[in-house]
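Each chain, written out:
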Amino acid sequence: MGIYFAFSDESGQYRQYRTDEYNQRNPYYLRSTLIIDGESWFFLDNCFKELKEEYQIPHETEIKYADIWTLYRYQREPTRQLATRLTPFQDYPIDHIEQFILDSFRILDALPYANIIITISKNDAIGRIGEINLYKMHIQDLMQRIQMDLQTDRDPYTNQNLCLIFMDPVSREINKLLTDAYNELYLNGDLIERYFVIKDCLHFELSHHSSGIQFADYIAGATLGYLQRRRFGSQLFNEHVRPLIRTCPRGGIMGCGIITIPTNLEVRQFFTTTFQVD
């Protein structure tokens, strides 16, 4: 049996009741998921720990993608509030942090198997969907794609693969709601799939303890940076994220590796143009 791990994290923000100003400051909410096989996980985890040692970063210290912008703001105008968020690396050069993240992506490039799925919402185009319902929709589309990719047989008794999904915890209440929604989908399926390829419960891992979640954070941050036309995010996305995005049978990525939530043809066309894909 093949064992697979899916590590998922979010970037951007969403809330049900939004102003135009909020949408302007937070145009997107997205969730990135990195799927690797069990053997690749050992390689990724060990290489990531060695990379942290090389950069003199403690294993338990997490450098988040968002810390690049926070570090830039802090070094331009130091404040206690920003320093608290950046401890213990507020005095690191920005290019040092960027190089660490870039070298982290090179670990992904060396994996024999890695697949990326990005579910994304455009805040000014999705009405007043409740936060929990939106999170559920992101998870359901993720589950569908994993099932499609990893099932070796339509019969669960002869299927040869199993995938465990790991997420960074949000809050006790939201974690419970997401777990309940996940379990309901697992037990009852939906109009498209039964999810027998996926482990029957959702797993939450603290990001600073999980190399996989940290990589999912970098993927999400790079994707958001690309959408915002930031230099470093665009470089990472084009060189390291895009080549690993799940593709359709004919080679496209929209609807297969990049999925708009909820389904909206105008929004899909917007992202097709933005990501410069067919």
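Reading guide: rules and limits
- Residues numbered from 1 in each chain as written.
- Predicted model: local features only at pLDDT ≥ 70, side-chain atom pairs only at ≥ 80, totals over all residues.
- Heavy atoms only, no water.
- Helix = DSSP H or I, 4+ residues; strand = E, 2+ residues; numbered from the N terminus.
- Rg over C-alpha atoms; globule rule 2.2 N^0.38 Å.
- Contact = heavy atoms within 4.5 Å.
- Areas by Shrake-Rupley, 256 points an atom, 1.4 Å probe, with all protein chains shown as cover.
- Lys, Arg positive; Asp, Glu negative; His and termini not counted.
- Charge placed at Lys NZ, Arg CZ, Asp CG, Glu CD.
- Phe/Tyr/Trp six-rings, centres within 6.5 Å; stacked < 30°, edge-to-face > 60°.
- Buried < 20%, exposed > 50% of the residue type's maximum accessible area, 1.4 Å probe, protein only.
- Axes fitted to C-alpha atoms, helices over the stretch in contact; angles between N-to-C directions.
- Parallel < 35°, antiparallel > 145°, perpendicular 65-115°, else oblique.
- Left-handed = near helix turned anticlockwise from the far one by under 90°.
- Nonpolar A, V, L, I, M, F, W, Y, C, P; charged D, E, K, R; others polar.
- Disulfide = S-S within 2.5 Å.
- Salt bridge = Lys/Arg side-chain N within 4 Å of Asp/Glu carboxyl O.
- Pairing = 2+ DSSP bridges.
- Core = buried A, V, L, I, M, F, W, Y, C linked by side-chain atoms within 4.5 Å.

### Examining the overall build of the protein
Helix and strand counts for the protein stand at ten helices and six strands. Here the protein has a C-alpha radius of gyration of 19 Å; the compact-globule value for 278 residues is 19 Å, and the two agree. Principal-axis analysis of the C-alpha atoms gives the protein an extent of 55 × 45 × 40 Å. In the protein, the proportion of contacts linking residues at least 24 apart, taken out of those at least 6 apart, comes to 74%. In the structure as shown, the protein presents an accessible area of about 14000 Å², 49% of it carried by carbon and sulfur atoms. Charge separation in the protein, taken as the distance between the mean sites of 28 positive and 37 negative side-chain charges, equals 6 Å.

### Describing the packing of aromatic side chains
A complete count under the given rule lists 19 aromatic pairs for this structure. Between Phe48 and Phe215, the ring centres sit 4.8 Å apart and the planes meet at 55 degrees, which makes this aromatic pair tilted. One end of the pair, Phe48, is in helix H2 (residues 38-54); the other, Phe215, is in helix H8 (residues 211-227), with 167 residues separating them in the sequence. Given the relative accessible area of 2%, Phe48 is considered buried. Since its relative accessible area comes to 1%, Phe215 is described here as buried.

### Overview of the packing of helix H5 (residues 94-109) against helix H9 (residues 231-241)
Interhelical geometry of H5 versus H9 gives an angle of 15 degrees and a closest axis separation of 10 Å. When the axis of H5 is compared with that of H9, the two are roughly parallel. Between H5 and H9 lies a crossing whose hand is right-handed. On H9, the residues touching Glu98, Ile101, Leu102, Phe105, Arg106 and Asp109 of H5 are Arg231, Phe232, Gln235, Leu236, His240 and Val241. Here the residues of the contact of H5 with H9 are counted per class, giving six nonpolar, two polar and four charged.

### Some words on the state of the cysteines
One way to say it: the disulfide is the covalent bond shared by the sulfur atoms of two cysteines. The full count for this structure, using the stated rule, is one disulfide. Disulfide partner of Cys248: Cys256, at an S-S distance of 1.9 Å. Note on the Cys248 and Cys256 pair: the S-S dihedral is about 110 degrees, so by sign convention the disulfide is right-handed.

### A look at the pattern of salt bridges
For the structure on display, the rule yields eleven salt bridges. Put simply, Asp141 and Arg145 hold a salt bridge, and the shortest N to O gap is 2.9 Å. Taken together, the residues Asp141 and Arg145, both in helix H6 (residues 131-150) and four residues apart, mark about one turn of the helix. In this structure Arg145 comes out as buried when scored by relative accessible area, which is 10%. Among the ionic pairs, Arg246 bridges to Asp149, the shortest N-O distance being 2.7 Å. On the criterion of sequence distance, the pair formed by Arg246 in the loop between H9 and strand E6 (258-260) and Asp149 in helix H6 is long-range, its members being 97 residues apart.

### Considerations on H9
Restricting attention to buried positions, one finds in H9 the residues Phe232, Gly233, Ser234, Leu236, Phe237, His240 and Val241. At its buried positions, H9 is contacted by helix H3 (67-76), H5, strand E3 (114-122) and H8.

### Structural notes on the pairing of E3
Buried residues dominate E3, accounting for nine of its nine residues. Every second residue of E3 is oriented toward a common face, with Ala114, Ile116, Ile118, Ile120 and Lys122 on one face and Asn115, Ile117, Thr119 and Ser121 on the other, all of them buried. Summarising the sheet, strand E2 (residues 28-37) and E3 pair through nine bridges and their orientation is antiparallel. The residue bridging Leu30 from the neighbouring strand is Ile120, located in E3. Note: E3 against E6, three bridges, orientation parallel. The residue bridging Ile118 from the neighbouring strand is Ile258, located in E6.

### Considerations on the nonpolar core
Formed by 56 residues in total, the largest nonpolar core has its most connected members in Leu34, Phe100, Ile101, Phe105, Leu108 and Val241. When residues of this core are assigned to their parent elements, the largest contribution, ten residues, is made by H8. Listed in part, the 30 residues of the second largest apolar core include Ile139, Leu178, Phe196 and Ile259.

Worth remembering: the numbers are spatial, not functional.
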